There are 2 protein chains.
Amino acid sequence: MAMEHVLHMKGGVGETSYANNSSLQRKVIMEVKTLLEENMVSMMSNKSVKGCWKIADLGCSSGPNTLLCISNIMNIIHKINTKLNNGKSIFQIYLNDLFENDFSTIFKLLPDFYQLEKEKNDAECFINVTPGNFYGRLFPNNYIDFFHSSYCLHWLSQAPKILVKNGEPLNKGNIYLSKTSPPSVYEAYFKQFERDFQYFLKLRFKELALDGTMALTFIGTESHDKIISVQGVLGMVLNEMVQEGLVEENKLDMFNFPTYHPTEEEVRQVIEREGSFTLQIIKTFKMEWDANLQKDNVNYVVDRKMRGEFISKYHRAVFEPLLIAAFGENIMDVLFSRFAKLLTQLIEFETLEYTNIVLFLTKDS
Amino acid sequence: MAMEHVLHMKGGVGETSYANNSSLQRKVIMEVKTLLEENMVSMMSNKSVKGCWKIADLGCSSGPNTLLCISNIMNIIHKINTKLNNGKSIFQIYLNDLFENDFSTIFKLLPDFYQLEKEKNDAECFINVTPGNFYGRLFPNNYIDFFHSSYCLHWLSQAPKILVKNGEPLNKGNIYLSKTSPPSVYEAYFKQFERDFQYFLKLRFKELALDGTMALTFIGTESHDKIISVQGVLGMVLNEMVQEGLVEENKLDMFNFPTYHPTEEEVRQVIEREGSFTLQIIKTFKMEWDANLQKDNVNYVVDRKMRGEFISKYHRAVFEPLLIAAFGENIMDVLFSRFAKLLTQLIEFETLEYTNIVLFLTKDS
């Protein structure tokens, strides 16, 4: 099955939906908001927009985060626009995600969103949806003034082709890069990321208007050999389930997680080699896997078990459709309950955190 | 409940869905295609589009008709564009319908649609969705080059407020205009249509680019006193069900169908009074309520029972969400099976046909 049919957050607004399990992504959006506020003014000083700002959010997913993101961006640009005496701010928003994304949950939130925005700013906004794969063209040339993407570009267009040696897959027993992966596996992953990210940059350069800006946030890593990853922990659980006969060994061997967490240096390298954009800012910030649980529960004692379960639950909302396609629906409950348990143990002696990379790129005139 | 929450075609792709019961609407689209082919060239001779044609389909509904419509329009404009040596045709398509419309059925058809379009023409197209009520703003000023709307504008923004006299509603026993309705009921309906259609024209005039064109098709009528309407027949069935205690009389009295089928003269009148647009063409064509059944079944003997059931079934896909909100879900099966039965009887001695009105309007420079 093609990646774009299985890669989507869990739809709806139920207990296990992405809409209800995306508070970490919300925290990331709010961190990036501060960076946007600090840096957009200077990057936009050359920008002249006649009539209407065209803003696209790539990989918008579904639920309240989608609109939070857009609202933040409109507020910031509205302030800049007012300062520059450009007249009334008018926005055309394009929310993009894959064809199978649950857009209808967003549509149901729109009437209230329009009402709120109307009360807040003297600005007009027109919201559109552009379904499709961002590793392909989405807009005409020189069209979008501001591209935004949060927590998407660590997803590859497809899993890398991992080599097989003497009938054994080189990354046997793993579903992602791990400490035991040979260099050729790392290479296959990096090549896939490089190809995808370069292609993404080429496409967006065509679609971005002159003096346009692109703000991208995704999960990176400090280094490839020390860091423990969510995919690594999931791999351990799946391995254990293979040993117990709950998962077919062949399925585990064939599955490679279609994500890559690059280092800051790798990102710089790809941008420079591709050559279209000016890299204005690159920053990293760390965030514990359960950063938002602690904040949400400031008055409660949060024990390790709660933390493990929390991390497991929100990752399930992100990964489940993909894992169902690879391993079948019936092992999901066991997989994620064991995942929670293993996390509970790991929390004791490992620092479980994401390294987030934020980029500001401009298409200079 | 607000109209826009209950007014949508029946979603999904099941046996009773709109996607599977819209062959009459398809026939209308194909009739209008011929008119578009005959008239677009002359209307577009002044039109200069730099880069990208922006086309909006208002009330696009859901299912294969949505994309058929868009495909027809792109083919016609592509031919004109090639003739005028305007270079490669590039289209940005905006599919509009209410927030509750089943857009996800369209999204699932898009990958194949893109593939087919790619093979057919040397043209590029980018498809977007713009959810919202077309009795409100949807696009920035001077933005859209071509507006299209098929089988939507007979829907009012709300049912007219029908007067009550001595505690009795003036349109008692009816759910729409009927032979027994007093003039004040006709007036209330016409006023609502006039207000809505005028407002629609004002909004679209702002959004249409200079030398842009608007092609509108909707259900009209030859006259208000002779013609039998679908709503009228449904009203008879509901009346019968009130007599038998299956429907509360109060519910029938309170319900007024939020549609209006204007005469050609009324349409001309509203356009002239509103004054923004140049009416280039106005045409009417008739179509039997089961026009498409006869065509689909050219080798079979089609009896009256089949015809009645066919008409009932596809109207159910259109009206059911609205009627459920008014009368509850549990009477739907009985309502539509009696509707089919009554249609079977009426077919014998009445001409059951729609009068379709097609308009071409331009915003002249």
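Residues numbered from 1 in each chain as written. Chains lettered and ligands numbered in written order. Predicted model: local features only at pLDDT ≥ 70, side-chain atom pairs only at ≥ 80, totals over all residues. Heavy atoms only, no water.

Trainee: Before we move on, could you go through the side chain of E274(A) and cite the residues and values that matter?
Mentor: All names here are of chain A. Tracing the backbone through its elements, the reader meets E274 in helix α8 (residues 264-274). Overall, the relative accessible area of 11% leaves E274 in the buried class. Within the local environment of E274, its side chain forms a polar contact with the side chain of S276, the two groups lying 2.9 Å apart. Discounting chain neighbours no more than four positions away, the residues touching E274 are Q198, L201 and K202. (Helix = DSSP H or I, 4+ residues; strand = E, 2+ residues; numbered from the N terminus. Buried < 20%, exposed > 50% of the residue type's maximum accessible area, 1.4 Å probe, protein only. Polar contact = N/O pair within 3.5 Å; in protein donor to acceptor, adjacent residues only side chain to side chain. Contact = heavy atoms within 4.5 Å.)

Trainee: Explain the interface of chain A and chain B residue by residue, including any values.
Mentor: At the interface, 23 residues of chain A touch 23 residues of chain B. Summed over both partners, the interface of chain A with chain B buries about 2,000 Å², with 68% contributed by carbon and sulfur atoms. Taken as a group, F99(A), F107(A) and F126(A) account for 30% of the area that chain A buries against chain B, more than any other trio of residues on that side. The tally of links between chain A and chain B comes to zero salt bridges. Linking chain A to chain B there are nine residue pairs in polar contact (both at pLDDT 80 or more). Class assignment of the residues belonging to the side of chain A that touches chain B gives a composition of 16 nonpolar, three polar and four charged. (Buried area = accessible area lost by both parts, 1.4 Å probe. Salt bridge = Lys/Arg side-chain N within 4 Å of Asp/Glu carboxyl O. Nonpolar A, V, L, I, M, F, W, Y, C, P; charged D, E, K, R; others polar.)

Trainee: I'd love a proper account of the packing of helix α6 (residues 230-243) of chain B against helix α10 (residues 304-327) of chain B, names of residues and values included.
Mentor: Residue and element names in this part refer to chain B. At a minimum axis distance of 13 Å, the contact between α6 and α10 shows a crossing angle of 45°. The orientation of α6 with respect to α10, classified from their angle, is oblique. Read as a crossing pair, α6 and α10 show a hand that is right-handed. Residues V230, L234 and L238 of α6 form the contact with α10, whose participating residues are H315, F319, L323 and F327. Here the residues of the contact of α6 with α10 sort into six nonpolar, one polar and no charged. (Axes fitted to C-alpha atoms, helices over the stretch in contact; angles between N-to-C directions. Parallel < 35°, antiparallel > 145°, perpendicular 65-115°, else oblique. Left-handed = near helix turned anticlockwise from the far one by under 90°.)

Trainee: So, the pairing of strand β1 (residues 53-58) of chain B: which residues are in play, and what are the values?
Mentor: Residue and element names in this part refer to chain B. In terms of burial, β1 is a largely internal element, six of the six residues being buried. Where burial is concerned, the two faces of β1 agree: the one with W53, I55 and D57 and the one with K54, A56 and L58 are both buried. Looking at chain direction, β1 and strand β2 (residues 89-97) are connected through six bridges and run parallel. Bridging from a neighbouring strand, D57 pairs with L95 of β2. As a crossover connection, the stretch from β1 through helix α3 (residues 64-83) into β2 is right-handed. (Pairing = 2+ DSSP bridges. Right-handed = clockwise from strand over helix to strand, strands pointing away.)

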